[in-house]
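So you can see what is in the structure, the chains are spelled out below.
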Amino acid sequence: MLEDDNLNQTTLNEEENDGTLESMHHVNNPVLDLPKIEKKYLETVISHNQNDKSYYFSDGKAKVEIKIVTDEIVRVRLAPQGTFLEDFSYALAKKDHRVSIHQCKEEVDHYSVHTNTISCRINKSDFLISFSDRAGKLFNADLAPMHWEESPDFGGYYVYSTKVAFENEAFYGLGDKATKLNLRGKRLKNWNSDTYAFAYDQDPLYKTIPFYIGLKDGEAYGIFFDNTFKTYFDFAAEDPGKTSFWSEGGELQYYYIHGPHIIDVIRRYHTLTGTHYLPPLWAIGYHQCRWSYYPEANVRKVAEEFRKRQIPCDAIYLDIDYMDGYRCFTWNKQYFPNPKKMIADLANEGFKTVVMIDPGIKVDENYWVFREGKENKYFCRRGDDYFMEGFVWPGRCQFPDFTNPEVRQWWGTLYQGLVEDGVAGFWNDMNEPAVFGRGTFPDDVRHQYDGHRGSHRKAHNVYGMQMVRATYDGLKKLYKNKRPFTITRAAYAGTQRYSSVWTGDNLASWEHLKLGTLQLQRLSTSGMSFCGTDIGGFTGEPDGELFTRWMQFGVFSPFMRVHSAGDTRDREPWSFGEDWEKINKKFIELRYKLLPYIYTCFWEQTKYGYPILRPISMVEQHIPTNWQREEEFCFGDKILVSPVLQPGQKSKIVYLPAGDWFYYFNNEVYVGGKEHTIATPLDEMPLFIRGGSVIPEYPVMQYTGEKKVEELQLNIYFSEGVHRSYVYSDHGDTFAYEQDIYLEKCFTLSGLKDSLSIKQTRDGLFTERYEEYKLQLIGLPFAVKKVKTDGIDTKIQKDEQGRYWINVAREFENILIEG
């Protein structure tokens, strides 16, 4: 019956419509001409208004916000349809910014938004935006108006900014890119990626730091493109007169950061994204790692060898094999039957234990972490609500959504058992996130994004950052007043507030040693000073020379750790024979001697935002020939190193900036402002101390805090003129410094041809354990006849090498040394 009814209805419709079907129109559903998807550009400015520190300009549809953040920082945002996205950023630190004055002036052909320091010009006719100083010198300018293109597959827009690349302009930053320091001529991508044994110029790598520095006519500015989607940067690669940055989604939002000095740009970038937390002192000692040290007997053997050979070491790492079936927050009781006792025994010998934690949680109903995550819906889900599952070390895994604050809080509590076992530090790996077989999560994975929602396209580059944020915040609660130590492989801008970083799975080759020096300089100038490489290379087999030269560079890496893959030969300081062991020991001891200087550099980063590693292009940015220099860099502002990067190298040419420089190993003085040929015997490397410096030095210890410092040695390097040095100290492992329980000492040296005065000022409430300084006077151009400390005659001694020594009270105010 149903079939007959349908047949009759069909016949009726055919009879009614016979000859009329072609002429019918569906008038209630008109077919409109769909707009063509193409790039659209800002057009003529037709209106503007102000709301507090934000100035808004519109072409009638699109809107641009020019926000004054500080006197030297301006934020630019584009809303293609006139409505801005919610103002949210994982990169920004929560800080109050002060602005002296700001105003907008309208001229015939443009608007100008001013602060005390900079001027932002908005052309009326074409909406081009440029930045100048108040004297009118142009620093940065649009080549084309900001533009966008609809994304029909995902919604939102591809967003673009195109700037003028001025002739001879140099570009620096962007994190640990595996290429030369000056990025001019490069096109680079930001998409955190697991890149095992990466090659020179391979891109992208593990981190996304969309911040670069432009250096034009010897003066600098910065651009921070705060966008977490896949972003791209073209530094005059496609067109020598054009620099561009763009993204596959999100908002076109960038910060112009004024210099004119590179170090000022970096400091101001830190006012946006925060500085490194001050690490515990032991975290900047020497660390030994391998994939993997197990079982327990092997861990104990390695520790025993360090102490027997008297090679300093502060930390031993346990890679994934310490876990039960690679289940995070568990122990393999076959390999480690009593981990708490092992860790306590190691601690009694001065070793901290650091363990790895990955984001992949094994799908196993009998595994308590998985059960808790599943019950509370803490794991990531796909677009159609299936769980995001992928294979990593434990097998099939699900992954926490670290962009959810509730998940981060939960994750932080999971460390409690390991902390109670005595684990002192944690290493977050595989958090790009890495997934075997497919690389990373699919794009349709959904994230809570602190209430702002987003797919993995938006959250991918911050996933590792939010994981280590959860780790750090959780440990900060569990350790009470003790500072946590964390390290992460993946990162986004601002990760320095929570963690140190390293450059990932490098290769045991001379090329990768050179790459490591470039990557650490770049990370330091990109806001992530607490950085290091896998000394000796993660994979491959270094010979004794390569390993030892890398160890020498490692002394002057802010994070100093040897790490290697399980399929490589042993990689301890003694593994290459007695001769190489002797040199490695010498340089590890040098690291421990310099710890008070290194710790001071970390304090200057934490409090003032100074980068720890400083390329020559930063130290002397006004000299164009320095813009391409890569092999020399300063550690802080007092020490210059030039690692040996070639096998069998007997000497190398080293450029020294202006001033006097003392070769560390014999105190020979070199005049700066030019190149010198420096011998490079195997047991030395080009290492120089700036004249006029005060370098504090500890006695050699097998681990930090092993000995009470009876007197602090201060090495005084003479130079004519006035020079300042700082020395910082505190408890070394607590947060008491936040309540001013620290001591920051400033030493001012005034050198003349026949005299030297040393003045000390002290700030802070910390009390040192020692009572005296032991001063070594180096490079005096006169024979000392008289010394007075605060007006009182002081005894001076001269040793067989002709060096002068003085012992003075730690709280002296003025020392006068006369010839």
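Here the structure is shown first, and the text comes after it.
Residues numbered from 1 in each chain as written. Predicted model: local features only at pLDDT ≥ 70, side-chain atom pairs only at ≥ 80, totals over all residues. Heavy atoms only, no water.

*Asks:* Describe in detail the layout of surface pockets, supporting the description with residues and values.
*Replies:* Considered as a void within the structure, the largest pocket measures approximately 960 Å³ in volume. Together, 35 residues line the largest pocket, and L281, G705, H731, G732 and D733 are the ones closest to its centre. Elements with a contribution of two residues or more to the lining of the largest pocket: α12 (595-608) and β45 (721-729). Considering only residue class, the lining of the largest pocket consists of 19 nonpolar, six polar and ten charged. As for the second largest pocket, its lining consists of 35 residues, and the residues nearest its centre are L85, F229, G250, E251 and K458. No other element matches strand β5 (residues 73-79), which puts three residues into the lining of the second largest pocket. Among the residues making up the lining of the second largest pocket, the classes are represented as twelve nonpolar, 14 polar and nine charged. (1 Å grid on protein atoms, 1.4 Å probe; cavity = no way out; pocket = protein on both sides within 12 Å on 5 of 7 lines; lining within 4 Å. Points joined across faces, edges and corners; volume = space filled by probe spheres on them. Helix = DSSP H or I, 4+ residues; strand = E, 2+ residues; numbered from the N terminus. Nonpolar A, V, L, I, M, F, W, Y, C, P; charged D, E, K, R; others polar.)

*Asks:* Please set out the sheet that holds strand β33 (residues 534-535) residue by residue, giving values where relevant.
*Replies:* The parallel open sheet is built from nine strands, whose spatial order is β32-β31-β29-β26-β22-β21-β20-β34-β33. Pairing within the sheet leaves two strands with one partner each, and these edge strands are β32 (531-532) and β33. (Pairing = 2+ DSSP bridges.)

*Asks:* I'd like a rundown of helix α2 (residues 262-273), residues and numbers included.
*Replies:* An ideal rise of 1.5 Å per residue puts 16 Å on twelve residues; α2 measures up with 17 Å between its terminal C-alpha atoms. The positive-phi residue at the C-terminal boundary of α2 is G274, with phi of around 90 degrees. (Expected span 1.5 Å × (residues − 1).)

*Asks:* How would you summarise the nonpolar core if you had to cite specific residues and measurements?
*Replies:* Ranked by internal contacts, the top residues of the largest apolar core, which has 155 residues, are I357, W411, F426, F485 and F556. In terms of residue count, helix α8 (residues 456-478) provides more of this core than any other element does, nine residues in total. W148, L183, Y212 and F233 belong to the second largest nonpolar core, which has 40 residues in total. (Core = buried A, V, L, I, M, F, W, Y, C linked by side-chain atoms within 4.5 Å. Buried < 20%, exposed > 50% of the residue type's maximum accessible area, 1.4 Å probe, protein only.)

*Asks:* Please set out the pattern of salt bridges residue by residue, giving values where relevant.
*Replies:* Within this structure, the stated rule accounts for 54 salt bridges. Across the salt bridge formed by E65 and R77, the nearest N and O atoms sit 3.6 Å from each other. Placement of E65 in strand β4 (residues 63-68) and of R77 in strand β5 is noted, with a sequence separation of twelve residues between them. Like E65, the residue R77 is buried in the burial classification. Notably, a salt bridge pairs E432 with R489, separated by 2.7 Å at the nearest N-O pair. (Salt bridge = Lys/Arg side-chain N within 4 Å of Asp/Glu carboxyl O.)

*Asks:* Give me the lowdown on the sheet that holds strand β39 (residues 660-663), citing residues and values where you can.
*Replies:* An order of β35-β36-β37-β42-β39-β40 is seen for the six strands of this open sheet, with the pairing classed as antiparallel. The open sheet has two edge strands with one neighbour each: β35 (613-615) and β40 (669-671). Between one strand axis and the next, the sheet turns through 35 degrees on average, direction left out of account. Here three bridges tie strand β37 (residues 639-641) to strand β42 (residues 687-690), and the two strands are oriented antiparallel to one another. Opposite L640, over in β42, you have F688 as the bridge partner. (Axes fitted to C-alpha atoms, helices over the stretch in contact; angles between N-to-C directions.)

*Asks:* Could you give an account of empty space enclosed by the protein, with specific residues and numbers?
*Replies:* All told, the structure shown has four cavities of 30 Å³ or more when counted by the stated rule. For the largest cavity, the calculated volume is near 50 Å³. Taken together, Y326, C328, D358, P359, G360, V392, W393, P394, F399 and M430 make up the full set of residues lining the largest cavity. Roughly 40 Å³ of internal volume is contained in the second largest cavity. If you trace the second largest cavity, you find it lined by Y172, I213, I262, T525, P615, S617 and M618.

*Asks:* Any details on the packing of helix α11 (residues 578-593) against α12? Residues and values, ideally.
*Replies:* When two helices pack together, you describe them by how their axes are tilted relative to each other and by the distance separating the axes. Taken N-terminus to C-terminus, the directions of α11 and α12 make an angle of 55 degrees; their axes are 5 Å apart at the nearest point. The angle between the axes of α11 and α12 places the two elements in the oblique class. For the pair α11 and α12, the contacting residues are R591, Y592 and K593 in the first and L595, P596 and I598 in the second. (Parallel < 35°, antiparallel > 145°, perpendicular 65-115°, else oblique. Contact = heavy atoms within 4.5 Å.)

*Asks:* Quick one: what's the story with the packing of aromatic side chains, residue by residue and with numbers?
*Replies:* Using the criterion set out here, one finds 74 aromatic pairs in the structure. One aromatic cluster in this structure is built from F329, Y378, F399, F402, W410, W411, Y415, F426, F441 and Y463. Between the NZ or CZ atom of K476 and the centre of the ring of F735, over which it lies, the distance is 4.8 Å. (Phe/Tyr/Trp six-rings, centres within 6.5 Å; stacked < 30°, edge-to-face > 60°. Lys NZ or Arg CZ within 6 Å of the ring centre and 35° of its normal.)

*Asks:* Talk me through the pairing of strand β17 (residues 231-235); I want residue IDs and the actual numbers.
*Replies:* Where burial is concerned, most of β17 is hidden: five out of the five residues are buried. Residues T231, F233 and F235 point to one face of β17 and Y232 and D234 to the other, with burial holding for every one of them. The sheet contact formed by strand β13 (residues 187-190) and β17 spans four bridges and is antiparallel. In the strand pairing of β17, N190 is matched with T231. As defined by bridge partners, β17 adjoins strand β18 (residues 242-247) across five bridges and the pair is classed as antiparallel. Looking at the pairing, F235 lines up with T243 of β18.

*Asks:* How would you explain the pairing of β42 if you had to name every residue and give the values?
*Replies:* Relative to β42, β39 runs antiparallel, the two being bridged by three bridges. From the neighbouring strand, W661 faces β42, where its bridge partner is R690.

*Asks:* For the environment of A809, give the residues involved together with the corresponding values.
*Replies:* Residue position: A809 is located in strand β52 (residues 804-809). A sequence separation of 36 residues divides A809 from Y773, and the C-alpha atoms of the two residues are 6.2 Å apart. Here A809 is in contact with E771 and Y773, once residues within four sequence places are set aside.

*Asks:* Quick rundown of the environment of H731? Include the residues and the values.
*Replies:* Its location among the elements puts H731 in the loop between β45 and β46 (743-752). The spatial distance from the C-alpha of H731 to the C-alpha of Y742 is 7.6 Å, given a sequence separation of eleven residues. The contact partners of H731, leaving out residues within four places of it in the chain, are A736, I741 and F766.

*Asks:* Which residues make up a nonpolar patch on the surface, and what values go with them?
*Replies:* On the surface, a cluster of nonpolar side chains totalling about 270 Å² of accessible area is made up of F391, W393 and F436. Take F436: it is sitting in the loop between β26 (425-428) and β27 (446-447). The partly exposed category is assigned to F436, whose relative accessible area is 36%. (Patch = residues over 30% accessible without salt bridge, like charges linked within 9 Å, V, L, I, M, F, W, Y side chains within 5 Å. Areas by Shrake-Rupley, 256 points an atom, 1.4 Å probe, with all protein chains shown as cover.)

*Asks:* Kindly report on the environment of Q776, identifying the contributing residues and their values.
*Replies:* Within the element layout of this structure, Q776 appears in strand β48 (residues 772-778). The contacts of Q776, once residues within four sequence positions are left out, are Q713, L714, N715, I716, R803, Y804 and W805. Of note is the side chain of Q776, whose polar atom sits 3.3 Å from the side chain of R803. (Polar contact = N/O pair within 3.5 Å; in protein donor to acceptor, adjacent residues only side chain to side chain.)

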